[in-house]
Amino acid sequence: MNKGKKLYEGKAKIIYEGPENGTGIQHFKDDATAFNNQKKATVEGKGVLNNRISEHILNNLNQIGIETHLIKRLNMREQLITLCEIFPVEFIVRNIATGSLTKRLGIADGTILKRPLVEFSYKNDDLGDPVVSKEHILEFGWIDSAETLDWIIDKCLRINDFMQGMFRGVGIKLVDFKLEFGRANVKRKILLADEISPDTCRLWDVSSEKKLDKDRFRKDLGNIIQAYQEVARRLGIIHEETNISEVKFGKPKVVNIKKK
Ligand code: TMP
């Protein structure tokens with residue numbers, strides 16, 4: 001499928017114009033970043049795995065009535081999507097306290113939350129994606145109305161319920177994750193957008209609590225690709241004998257590390 005012009009390049013993905021009005025092509029890169037771009041590396045094969053894992057999860061969500069931007073996966077690294085204007089808000093859903101929540105509020109790492117916690121951060125790299133309240137989102141018009149915001153929060157909780165069950169069934173705890181939503185350029189519907197993958201979720205093995213997500217990169221735990229492959233295997237996306245395409249999974253090449 002012919003790609004149109006590049007519309008946007010982010011840290012892990014590139015969006016091109018798609019073949020028809022209102023469509024785009026989402027390309028998954030092997031680049032990994034953490035701490036707002038201060039730590040960067042190329043992790044060979046990551047884009048291929050995230051493309052497959054995100055396709056699997058978004059297709060499953062679609063089957064339970066969550067409308068997403070994914071039309072279909074095109075090849076190893078690309079998906080055909082409905083282009084959206086992404087709301088500048090990241091929706092973080094947490095089941096177990098870890099990461100920035102523990103640092104910000106002094107909550108013990110691993111605390112099981114009584115109810116899923118939804119947090120919002122303002123998507124702005126210069127400001128380091130600060131945590132904001134519902135009132136900030138409405139005051140500054142990042143999302144048009146309280147009804148839309150509540151509708152999205154409801155979807156976040158539904159997605160959490162579904163994904164928690166899906167991962168639990170394959171021996172993985174869904175600790176937390178990030179979602180992005182947008183309004184379709186042409187049809188103006190609100191769609192779940194971006195990706196859901198080990199880059200955007202924290203996934204712990206149920207018995208060993210081994211981290212099977214991007215924390216392996218953030219915390220220099222090694223074996224990043226092996227962990228992402230393990231998630232893909234458990235979800236039944238790739239099989240034991242599958243060597244995801246011709247991609248060789250080498251050691252991540254560190255491009256730049258500035259420790260905070
Ligand atoms: P945090 O604990 O660093 O706030 O991260 C919460 C969840 O959101 C975690 O699963 C990782 C994901 N996340 C992203 O996908 N992108 C981001 O830029 C950040 C900061 C977190």
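In what follows, the structure referred to is the one given above.
Reading the values: the criteria
- Residues numbered from 1 in each chain as written.
- Predicted model: local features only at pLDDT ≥ 70, side-chain atom pairs only at ≥ 80, totals over all residues.
- Heavy atoms only, no water.
- Helix = DSSP H or I, 4+ residues; strand = E, 2+ residues; numbered from the N terminus.
- Buried < 20%, exposed > 50% of the residue type's maximum accessible area, 1.4 Å probe, protein only.
- Contact = heavy atoms within 4.5 Å.
- Pairing = 2+ DSSP bridges.
- Core = buried A, V, L, I, M, F, W, Y, C linked by side-chain atoms within 4.5 Å.

(A) View of the environment of L74. Residue placement: L74 occurs in the loop between β6 (70-73) and β7 (78-82). Exposure remark for L74: the relative accessible area of 25% places this residue in the partly exposed category. For the pair L74 and N51, spaced 23 residues apart in sequence, the C-alpha to C-alpha distance is 9.8 Å. Not counting chain neighbours up to four residues away, the residues in contact with L74 comprise M1, I25, Q79 and L80.

(B) Representation of helix α6 (residues 224-234) in the model. For α6, the full list of buried residues reads I224, I225, A227, Y228, Q229, V231 and A232. Structurally, α6 contributes buried residues whose contacts are with α1 (46-63), α4 (146-168), β12 (172-184), β14 (201-205) and α5 (215-218). At the C-terminal side of α6, G236 shows a positive phi close to 80°.

(C) Molecular detail of the pairing of strand β2 (residues 13-17). Of all 5 residues in β2, 4 are buried; the element is thus mostly enclosed. Where strand β1 (residues 6-9) meets β2, 3 bridges bridge the pair, whose relative direction is antiparallel. What sits directly across from K6, in β2, is Y16. Once β1 ends, the chain turns through 3 residues before running back antiparallel as β2. Alignment of β2 against strand β3 (residues 23-28), held across 5 bridges, turns out to be antiparallel. Each residue of the ladder has a partner; that of K13, found in β3, is F28. Between β2 and β3, which follow one another and run antiparallel, lie 5 residues, and G22 among them has a positive phi close to 85°.

(D) Just the nonpolar core, in detail. Among the nonpolar cores identified, the biggest contains 51 residues, and F91, M163, F167 and F181 are the most heavily contacted of them. Counting residues per element, this core draws most heavily on α4, which supplies 8 residues. Aside from chain neighbours lying at most four places away, what touches F167 is I57, I172, L174, L203, V231 and L235.

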